[in-house]
Amino acid sequence: MNPLEIAIDKVPFDENRILMRNKPIAVPVIKSHNGDFIAEFEDLDMSLWEESVEYLEDAFGAMLRMMWKRYVMGNPQQMTPGALAFRDKLIATYNLV
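Everything quoted here is computed from the prediction, not taken from an experiment.

Draft legend 1. Structural context of the pattern of salt bridges. Within this structure, the stated rule accounts for three salt bridges. Taking the shortest distance from any N to any O, the salt bridge between arginine 17 and aspartate 14 comes out at 2.7 Å. What makes arginine 17 partly exposed here is its relative accessible area of 32%. Classification of aspartate 14 by relative accessible area gives partly exposed; the value is 33%. Notably, a salt bridge pairs aspartate 43 with arginine 21, separated by 2.5 Å at the nearest N-O pair. One end of the pair, aspartate 43, is in the loop between β5 (37–41) and β6 (46–50); the other, arginine 21, is in strand β3 (residues 18–21), and 22 residues separate them in sequence.

Draft legend 2. Geometry of the sheet that holds strand β7 (residues 94–96). Strands sit in the order β2-β3-β7 across an open sheet of three strands; the sheet is antiparallel. Two strands close off the open sheet at either side, each with one partner strand: β2 (10–12) and β7. Mean inter-strand twist for the sheet, computed between neighbouring axes without regard to direction, equals 20 degrees. Examined bridge by bridge, β3 and β7 share three bridges and lie antiparallel to one another.

The rules behind these values
- Residues numbered from 1 in each chain as written.
- Predicted model: local features only at pLDDT ≥ 70, side-chain atom pairs only at ≥ 80, totals over all residues.
- Heavy atoms only, no water.
- Salt bridge = Lys/Arg side-chain N within 4 Å of Asp/Glu carboxyl O.
- Buried < 20%, exposed > 50% of the residue type's maximum accessible area, 1.4 Å probe, protein only.
- Helix = DSSP H or I, 4+ residues; strand = E, 2+ residues; numbered from the N terminus.
- Pairing = 2+ DSSP bridges.
- Axes fitted to C-alpha atoms, helices over the stretch in contact; angles between N-to-C directions.

What follows is the structure, encoded as structure tokens:
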């Protein structure tokens, strides 16, 4: 893997489970003019930036865990159509194993 890429195919969820991406992928990381590292997660319509690649990986994992809990584990009857579409996108992209 290129040093300016992050693998987002296996993300720890809790002590016993991981979020496993259906199709492995490495996301390119760009270093901005002010020194931040930026990654675009196009399939999830998400952009993140941090001061290091390591922090960027950590931030992605934290965001994915939070989104999984909120959208996939949440009550779909209380969600807007946009939230339900995002929920479907998460379920199509990752599995909790």
